[in-house]
2 protein chains.
Amino acid sequence: MGYKIAVVGATGVVGQEMLKILWERKIPISEIYAFASEKSEGTHVNFGEEKIKVEKADVSNISKADFALFSIGEDISLELAPKVAQKGTIIIDNSNAFRMDPNVPLVIPEINPEDLNNHKNIIANPNCSTIQMLVALNPLHKKWKLKRIFVATYQSVSGKGKDAINELLQSTEAYLKGQDISPTVFPYPIAFNLIPHIDSFEEGNYTREEIKMVRETHKILHDSSIKVSPTCVRAPIIRGHSEAILAEFEREFTLKEVYETLEKAPGVKVIDNPKEKKYPMPFYCNGKDDVFVGRLREDLFEPKAINIWVVSDNIRKGAALNAVQILERLIM
Amino acid sequence: MGYKIAVVGATGVVGQEMLKILWERKIPISEIYAFASEKSEGTHVNFGEEKIKVEKADVSNISKADFALFSIGEDISLELAPKVAQKGTIIIDNSNAFRMDPNVPLVIPEINPEDLNNHKNIIANPNCSTIQMLVALNPLHKKWKLKRIFVATYQSVSGKGKDAINELLQSTEAYLKGQDISPTVFPYPIAFNLIPHIDSFEEGNYTREEIKMVRETHKILHDSSIKVSPTCVRAPIIRGHSEAILAEFEREFTLKEVYETLEKAPGVKVIDNPKEKKYPMPFYCNGKDDVFVGRLREDLFEPKAINIWVVSDNIRKGAALNAVQILERLIM
């Protein structure tokens, strides 16, 4: 009659959205479990009109489920997921823990669902910034082959969880009242500011967030020849990531062909009517499933390059929705 | 004993900053005039510890000055400046009116001061986004020759004047109180949002702001072979523009040479120590003269390309300071 489904990290921003989307999309569920850390044990989360009790996330609890959607810290994923997987539960993990593991498929269902065939009970959900970029670019890549991507991100605070949202709102209010701001989640005030630093710094002074966009693109598209130049920036936006992208292809195309391709592309919605001031904006993407694409412009100098502006709800398609779509493919 | 200097548009954000900088930099002034539209006539503006009376901006009034710094609407510049110039006053105009006029030098004093030699009493101040980009890139261009620039901007609202600043602050407050936002300056709410639309739309669905970055780069660097791919975005930042840039050069270089070059470059301050979380941010650039450069990274795939993050106070180096620096060159 249905599957036993667990959400691990059910009290977080992404975990709650997972429960919401599982309900909305009428996934056939016989049992739903909500797991979180010990401190949330006994609290309740919403699942449709039901309230479900939060249990402690441990191996024996989680392995009651057929499928477990993980949205917890990388370290806890690394510890719990292999043990749960060994007991036969299939895990869709939203953290960075397994994304580059050669035994773990990294999947955007619109792009590489066939990679699911080889899973060994753990499947990784890509990074939010990578998902929306590739949902927009892959339809073009399939026709004209991507050669190079320049991407600058404008990332909302919600990717960093509830505390980050509260810090943006509270520090904004403090600023408006002329009070001092003492950030704890971000290294600097995020109110009316930009922080060009997401996740830790790695080789070549790139951040991990930037490196993820490079490596995940190569893994998902099965093409490590694509040159990706990313700069990732945290902006004072509550929800919804935006990206300014220059994409360069091997083969020639017309702008009309680009529109036609994107208008037919799964998961993509084109909003691009400059005369009517229509273009994607993060303020209007909350709770929506699509990756919004606009400001399409042929490059002024490179005939095989195009400038694009891509906006999507990072909590939804960038995290919870993509995980549920992977689940849908698995139970199809 | 000094020059007669006029600030035209003296009650605006840039006009007031011009007066402040003229005072700070001890420009030799015998008479200072503040001009604005009729509706500000009789009000007062600060000049050091003095209060100066605002007079109506008309040709006979302004032409009392030896030099006039214009920061008014493009239409009024177009009407007034040629008439004032004909009477012998030298105009440094901050609007878009004359920037691409072949008879008008477009000058960033650190880059092309020699272009001032050919002025015909009107000199144009470049667009804020262009100024900070080129102050950062020109020192590298001189050594390795720029071939291509990808730039995504994160522009503060102050570039659009006092009303825009008020709209950001008021709409942010309204949002926090759960009230509706009715924007009048911007086409959409700017609080917690990004608007990928600055100035009007032009050919190829580029905005004028984007086209300015292309054409002004070519004119200032005297090189129209440089491929510029811009996307300009308004962000909920009060003051200070930021830019994520990928710059590609003709010749090879090392990252060490880039640092050495930028550290010696006029008007540039390098803030780039990821381990110590040091990078430029708009929150900290207000009232500062420098163009701040950081997040320097060799491109992961293109040996002659570099990723850079550039932040500057758009009202200061992006407008008022650059105009006063042009004046300094003229009276040197």
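What you see is a predicted model; the values in this text were computed from it and never measured.

What counts, and where the lines are drawn
Residues numbered from 1 in each chain as written. Chains lettered and ligands numbered in written order. Predicted model: local features only at pLDDT ≥ 70, side-chain atom pairs only at ≥ 80, totals over all residues. Heavy atoms only, no water. Helix = DSSP H or I, 4+ residues; strand = E, 2+ residues; numbered from the N terminus. Rg over C-alpha atoms; globule rule 2.2 N^0.38 Å. Contact = heavy atoms within 4.5 Å. Areas by Shrake-Rupley, 256 points an atom, 1.4 Å probe, with all protein chains shown as cover. Axes fitted to C-alpha atoms, helices over the stretch in contact; angles between N-to-C directions. Parallel < 35°, antiparallel > 145°, perpendicular 65-115°, else oblique. Nonpolar A, V, L, I, M, F, W, Y, C, P; charged D, E, K, R; others polar. Buried < 20%, exposed > 50% of the residue type's maximum accessible area, 1.4 Å probe, protein only. Core = buried A, V, L, I, M, F, W, Y, C linked by side-chain atoms within 4.5 Å. Domains from an automatic or database assignment. Buried area = accessible area lost by both parts, 1.4 Å probe. Salt bridge = Lys/Arg side-chain N within 4 Å of Asp/Glu carboxyl O. Polar contact = N/O pair within 3.5 Å; in protein donor to acceptor, adjacent residues only side chain to side chain. Pairing = 2+ DSSP bridges. Least-squares fit on C-alpha atoms with pLDDT ≥ 70 in both. Right-handed = clockwise from strand over helix to strand, strands pointing away. Phe/Tyr/Trp six-rings, centres within 6.5 Å; stacked < 30°, edge-to-face > 60°.

Considering the overall build of chain A
- When helices and strands are counted, chain A shows eight helices and 13 strands.
- Against the 2.2 N^0.38 benchmark of 20 Å for 332 residues, chain A shows a C-alpha radius of gyration of 20 Å, consistent with a compact globule.
- Across its three principal axes, chain A shows a C-alpha extent of roughly 60 × 55 × 40 Å.
- Counting only contacts in chain A whose residues sit at least 6 apart along the sequence, the fraction spanning at least 24 positions is 67%.
- Roughly 12800 Å² of accessible area belongs to chain A as shown, and the carbon and sulfur atoms make up 46% of that amount.

Description of the packing of helix α4 (residues 128-144) of chain A against helix α8 (residues 316-331) of chain A
All names here are of chain A.
- Packing of α4 against α8 leaves a shortest axis separation of 8 Å and a crossing angle of 90°. Taken together, the axes of α4 and α8 are roughly perpendicular relative to one another. Here Cys128, Ile131 and Val135 of α4 lie close against α8, whose contacting residues are Lys317, Gly318 and Asn322.
- When its residues are assigned to classes, the contact of α4 with α8 shows three nonpolar, two polar and one charged.

Side note on unusual backbone geometry
All names here are of chain B.
- With a phi close to 55°, Lys26 is a non-glycine residue in the positive phi region.
- You can see Lys26 is positioned in the loop between α1 (13-24) and β2 (29-36).
- With a relative accessible area of 70%, Lys26 lands in the exposed category.
- The phi dihedral of Asp199 falls on the positive side, at around 70°, and the residue is not glycine.
- Here Asp199 shows up in the loop between α5 (162-176) and α6 (208-221).

Considerations on the nonpolar core
- One finds Ile62, Phe70, Leu137, Ile149, Val293, Leu296 and Ile306 of chain B to be the most contacted residues of the largest nonpolar core, which totals 60 residues.
- Looking at this core, the element that brings in the most residues is helix α4 (residues 128-144) of chain B, giving eight residues.
- Composition of this core by domain shows at least three residues from each of domain 1 (3-125 + 319-331) and domain 2 (130-314) of chain B.
- If sequence neighbours within four positions are ignored, Ile306 of chain B has contacts with Ile245, Leu246, Ala247, Phe249, Phe253, Leu255, Val258, Leu296, Arg297, Glu298 and Asp299 of chain B.
- In terms of nonpolar packing, the next biggest core, distinct from the first, is built from 58 residues, Val59, Ile62, Ile91 and Val291 of chain A among them.

Let's talk about the domain arrangement of chain A
All names here are of chain A.
- Annotation of chain A at the domain level lists domain 1 (3-125 + 319-331) and domain 2 (130-314).
- Distance between the C-alpha centres of domain 1 and domain 2: 25 Å.
- Tallying the contact residues gives 23 residues for domain 1 and 21 residues for domain 2.
- For the domain 1 and domain 2 pair, buried surface summed over both sides reaches about 1800 Å², with 59% attributable to carbon and sulfur atoms.
- Where domain 1 packs against domain 2, one counts four salt bridges.
- We note a salt bridge from Glu74 to Arg208, for which the minimum N-O separation is 2.9 Å.
- Applying the counting criterion to the domain 1 and domain 2 interface returns nine residue pairs in polar contact (both at pLDDT 80 or more).
- Per-class residue counts for the side of domain 1 that touches domain 2 are 10 nonpolar, six polar and seven charged.

As for the sheet that holds strand β13 (residues 305-312) of chain A
All names here are of chain A.
- Strand order in this open sheet of six strands is β9-β8-β10-β13-β12-β11, and the pairing throughout is mixed. What marks the edges here is a single partner per strand, and that holds for β9 (227-231) and β11 (268-270). Along the sheet, successive strands turn relative to each other by an average axial angle of 25°, direction set aside.
- In terms of strand pairing, strand β10 (residues 241-249) meets β13 through eight bridges, oriented antiparallel.

A look at the relation of the copies chain B and chain A
- Mapping chain B onto chain A calls for a screw motion: a turn of 180° about the axis and a shift of 0.0 Å along it, with 0.0 Å RMSD after fitting. Such a combination of turn and shift is consistent with a two-fold rotation axis.
- By residue overlap, the copies meet face to face through one surface: 100% of the interface positions of chain B are interface positions in chain A.

Considering the pairing of β9 of chain A
Residues and elements named next belong to chain A.
- Among the five residues that make up β9, four are buried, leaving the element largely enclosed by the rest of the structure.
- Across five bridges, strand β8 (residues 146-154) lies against β9 in parallel orientation. Each bridged residue has a counterpart across the sheet, and for Arg148 the counterpart in β9 is Lys227.

Considerations on the interface of chain B and chain A
- The partner chain A presents 69 residues to the 69 residues of chain B that form the contact.
- Interface area, chain B with chain A, both sides summed: about 6000 Å², of which 66% is carbon and sulfur.
- Looking at the side of chain B facing chain A, the largest losses of area belong to Phe192, Phe283 and Phe301 of chain B, adding up to 11% of the total buried there.
- Here chain B is connected to chain A by nine salt bridges.

Quick word on the pattern of salt bridges
- Using the criterion set out here, one finds 47 salt bridges over all chains in the structure.
- The shortest N-O distance in the salt bridge between Glu210 of chain B and Arg295 of chain A comes to 2.8 Å. Separated into two different chains, Glu210 of chain B in helix α6 and Arg295 of chain A in strand β12 (residues 291-298) make up a pair that spans both. Of the two residues, Glu210 of chain B and Arg295 of chain A, neither departs from the other in class, the shared state being buried.
- Notably, a salt bridge pairs Arg297 of chain A with Glu210 of chain B, separated by 3.4 Å at the nearest N-O pair. Placement of Arg297 of chain A in strand β12 and of Glu210 of chain B in helix α6 is noted, with the two residues assigned to different chains.
- Overall, Arg297 of chain A belongs to the buried group, its relative accessible area being 0%.
- One network of salt bridges, in which partners are shared, links Glu17, Glu24, Arg25, Arg239, Asp289, Asp313, Arg316 and Glu328 of chain A.

A few points about the pairing of strand β2 (residues 29-36) of chain A
Residues and elements named next belong to chain A.
- Here strand β1 (residues 3-8) pairs with β2 via six bridges, running parallel. Looking across to β2, one finds that Val7 is bridged to Ala34.
- Of the crossover connections in this fold, the one passing from β1 over helix α1 (residues 13-24) to the parallel β2 is right-handed.
- Two strands pair when backbone bridges link them, and β2 and strand β4 (residues 50-56) are joined in this way by three bridges, in the parallel orientation. Across the sheet, the residue bridging to Ala36 is Lys56, located in β4.

Observations regarding the packing of aromatic side chains
- All chains considered together, the criterion is met by 28 aromatic pairs over all chains.
- Ring geometry for Tyr154 of chain A against Tyr154 of chain B: centres 3.9 Å apart, planes inclined by 20°, an arrangement best described as stacked. One end of the pair, Tyr154 of chain A, is in strand β8; the other, Tyr154 of chain B, is in strand β8 (residues 146-154), on a second chain. In this structure, Tyr154 of chain A and Tyr154 of chain B share a single accessibility class: buried.
- Between Phe249 of chain A and Phe253 of chain A, the aromatic rings sit 5.5 Å apart at their centres with planes inclined by 90°, giving edge-to-face as the arrangement. Each member of the pair, Phe249 of chain A as well as Phe253 of chain A, carries the same accessibility label: buried.
- Through a chain of ring-to-ring contacts, the aromatic side chains of Tyr175, Tyr188, Phe192 and Phe201 of chain A together with Tyr279, Phe283 and Tyr284 of chain B assemble into a single cluster.

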